[in-house]
Amino acid sequence: MTVIDDVLASQRAAHAAYAATVRGAVSYVTDGPSGHHDADAMERALVSEVAARLTVSRRTVLDWIGTYCAAPAAVRDAFHSGLLPWAAFRSLCRALAGTTHRDERLVGRLIDAACGATPGSVPAAIDGVLAEYDATWHRKAREAATAQRGMTVRRLPRGQAELRLRGPAETIAAMSRRVTDAARRLCGTDSRLLPARLFDAAHAVITRGALSCTCPDPVCPHRDVDTTTLPIPRACIVIDAATAAGLSGEPGHLLGWGPVPADTARHLAADATWQAVITEATSSPPARTDRDPQQADPPLPVANAHRRGRPRRLSGWVPDVGSTERSTAWAAMRLALELLRAHPEQEDRFRLPPPNRIATPPPPSALVYAPSAALRTVVEARYATCVAPGCRVPSSDCDLDHVEPFDHDEPLLGGWTELTNLEPLCRTHHNDKTAGLWSYRMLDHGIVVIRDPHGHTYFTAPDRLDR
Ligand SMILES: [Zn+2]
Ligand SMILES: [Zn+2]
């Protein structure tokens, strides 16, 4: 029988073998025969030789050399051990090439982030660590990246062509939101596949034309949707109160898109087409007390305005760059996560105290199955994606799952509808959980511990903390 550990070992061996190929090729070229009167010509000839013998392009060989030679020792070690596949190794080296920091802890944290991410999400994982480490650097790097925005058109075979836009995440998010919102207005029975619907919606939005539903209903109200009159759909930016007030430089978070610098976050928060979720990050860690029977449930840590039914708006607010101080609640979460990843057996230290169901009944809303819109927004702000390891489905497209199941007959006795018992799960991962094959438990600091069918544990950290 195949054991998952054997599969893992062969994957690591394959990564390590690729690393050995890269190292071999690099040293073959850089330690090549000396004594030729033109060292550069010699090196170019050796690059061509490696490319020809390994049947790869010269560009690949040059990429190997440039990346490998610039890599810090610790990153190289991770590459050789098979922990980092080539693509992740390269992303990490590129990210570090833009920084002046060579703090060992930072490099270690970046390696962990890159090892823990699926290949496609390595750049975003690295960005998250760097933004957290140095908000000022992140802002500058982002400005430089924004300057490189652009549009390219590529001709493809069979009369096709491709249009690509590249730019700041919040701008692309706003554009894509308009297109997906227009496409969503079509009936479910529309004859086109989703990519084709999106293409037709994008065409209609850009050319200010109409989008027409192709469902069989002859009186469908979406026969000719005028895309110029559609309301602008709102998206969510999560920003903590201190950053919003200009007192802190903590990055904001575009749900599903990643961190944005504090000043960009403040700017978006003041824009009517964005919905700002303002979270209260305290500068001292919350006291670890068990539930006090005399005390009411703590208020929902969401913008006060949310409780009044409207997000708090910051119109006319003058952006300012604040300090880069991180909240201590966040630091405490990072410490707990590091400890748990190194010593998963210490999970019990971070268990949430069991609720005292009789002495401290929860607020009525916790005994209703469906979470309120405000609570849903807070959970989506907390976890940008499905909490299953490596899953990239945005939390706004997920089911909000009760970590401990809700009891429909006796809501008081089951898991409550509250922040510490809700997690976003995409449909696939939700089904795995419902089938009893994967299990989830919420720990302190919003960390979710996940067990696969063979008992291996994974820890998912929140993307934002609200208190
Ligand atoms: Zn229709
Ligand atoms: Zn998922």
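Look a little higher up for the structure.
Presented here is a report on the structure given in the accompanying data block. This one's a predicted model, so the numbers in the text were calculated from it and none came from an experiment. (Residues numbered from 1 in each chain as written. Chains lettered and ligands numbered in written order. Predicted model: local features only at pLDDT ≥ 70, side-chain atom pairs only at ≥ 80, totals over all residues. Heavy atoms only, no water.)

### Here we look at the overall build of the protein
- Scanning the protein for helices and strands turns up 16 helices and 13 strands.
- Within the protein, the proportion of its 467 residues that are buried is 40%.
- The long-range fraction of contacts in the protein, counting pairs at least 24 apart against all pairs at least 6 apart in sequence, stands at 59%.
- Accessible surface computed for the protein: about 25,500 Å², of which carbon and sulfur atoms make up 55%. (Helix = DSSP H or I, 4+ residues; strand = E, 2+ residues; numbered from the N terminus. Buried < 20%, exposed > 50% of the residue type's maximum accessible area, 1.4 Å probe, protein only. Contact = heavy atoms within 4.5 Å. Areas by Shrake-Rupley, 256 points an atom, 1.4 Å probe, with all protein chains shown as cover.)

### Thoughts on the packing of aromatic side chains
- Enumeration according to the criterion identifies eight aromatic pairs in this entry.
- Measuring from ring centre to ring centre gives 6.0 Å for F79 and W86, while their planes differ by 45°; the resulting arrangement is tilted.
- Given the relative accessible area of 0%, F79 is considered buried.
- With a centroid separation of 3.9 Å and an interplanar angle of 10°, the aromatic rings of F79 and F89 are classed as stacked. Placement of the pair is F79 in helix α4 (residues 73-80) and F89 in helix α5 (residues 86-97), with a sequence separation of ten residues. Assigned by exposure class, F79 and F89 land together as buried.
- Through successive ring pairs, a cluster of aromatic residues spans Y18, W64, Y68, F79, W86 and F89. (Phe/Tyr/Trp six-rings, centres within 6.5 Å; stacked < 30°, edge-to-face > 60°.)

### Thoughts on the coordination of the zinc ion (ligand 1)
- Each protein donor to the zinc ion (ligand 1) is listed here as C187 (SG), C213 (SG), C215 (SG) and C220 (SG); together their distances run 2.2 to 2.3 Å.
- Geometry at the zinc ion (ligand 1) is tetrahedral, judged from the four donor atoms that bind it and their angles of 104 to 115° at the metal.
- All donors of the zinc ion (ligand 1) come from a single chain, and their spacing in sequence reads C-x25-C-x1-C-x4-C. Of this pair, C187 sits in the loop between α9 (169-184) and α10 (194-206) while C220 sits in the loop between β3 (210-211) and β4 (225-226); the two residues are 33 residues apart in sequence, bridging distant segments of the chain. (Donors = N, O, S within 2.8 Å, 3.2 Å for Na, K, Ca; no water. Tetrahedral: all angles 85-135°; square planar, octahedral: opposite > 155°, others 65-115°.)

### Some remarks on the packing of helix α1 (residues 4-30) against helix α2 (residues 39-54)
- Close contact between α1 and α2 brings their axes to 9 Å; oriented N to C, the two are set at 145°. In the crossing of α1 with α2, the sense of the turn from one axis to the other is right-handed. Here α1 contributes T21, A25, Y28 and V29 to the contact with α2, which in turn contributes E43, L46, V47, E49, V50 and L54. (Axes fitted to C-alpha atoms, helices over the stretch in contact; angles between N-to-C directions. Left-handed = near helix turned anticlockwise from the far one by under 90°.)

### Re the packing of α5 against helix α7 (residues 122-133)
- Interaxial distance between α5 and α7 falls to 9 Å at its minimum, and their mutual angle equals 35°. Seen along the crossing, α5 lies across α7 with a hand that is right-handed. Between α5, through A88, S91, L92 and A95, and α7, the contact on the second element is made entirely by V122, P123, I126 and L130.
- Split by residue class, the contact of α5 with α7 holds seven nonpolar, one polar and no charged. (Nonpolar A, V, L, I, M, F, W, Y, C, P; charged D, E, K, R; others polar.)

### Points about the environment of L106
- Among the secondary structure elements, L106 is positioned in helix α6 (residues 104-115).
- Each C-alpha atom of the pair L106 and Y133 lies 7.6 Å from the other, and the pair is 27 residues apart in sequence.

### Quick word on the coordination of the zinc ion (ligand 2)
- Distances from the zinc ion (ligand 2) to its protein donors, C386 (SG), C391 (SG), C426 (SG) and H429 (ND1), fall within 2.0 to 2.3 Å.
- We classify C426 as buried; its relative accessible area is 6%.

### Observations regarding the nonpolar core
- Ranked by size, the top nonpolar core spans 36 residues in total, and within it V75, L84, F89, L92 and L110 carry the most contacts.
- It is α5 that contributes the most residues to this core, seven residues altogether.
- Once residues within four sequence positions are removed from consideration, V75 is found in contact with L84, F89, L92, C93, L96, V107 and I111.
- L375, V378, C391 and Y440 belong to the second-largest nonpolar core, a separate cluster that totals 20 residues. (Core = buried A, V, L, I, M, F, W, Y, C linked by side-chain atoms within 4.5 Å.)

### Structural notes on the pattern of salt bridges
- Counted according to the given criterion, the structure contains 17 salt bridges.
- Put simply, K433 and D401 hold a salt bridge, and the shortest N to O gap is 2.6 Å. Of this pair, K433 sits in helix α16 (residues 427-434) while D401 sits in strand β9 (residues 399-402); the two residues are 32 residues apart in sequence, bridging distant segments of the chain. Per residue, the accessibility class of K433 equals that of D401, and both read buried.
- Measuring nitrogen to oxygen at the nearest pair gives 4.0 Å for the salt bridge that ties K433 to E423. Here K433, found in helix α16, pairs with E423, found in strand β10 (residues 422-425); they are ten residues apart in sequence, far enough to count as distant. For the pair K433 and E423, one class covers both residues: buried.
- Residues joined by salt bridges that share partners form a network here, namely D190, R192, R197 and D200. (Salt bridge = Lys/Arg side-chain N within 4 Å of Asp/Glu carboxyl O.)

### Topic: a nonpolar patch on the surface
- Judged by side-chain polarity, M151, V153, L163, L165, M175 and I206 come together as a nonpolar surface patch covering roughly 630 Å² of accessible area.
- Elements represented by at least two residues in the nonpolar patch include exactly β1 (150-156) and β2 (160-166).
- Mapped onto the elements, L165 comes out in strand β2. (Patch = residues over 30% accessible without salt bridge, like charges linked within 9 Å, V, L, I, M, F, W, Y side chains within 5 Å.)

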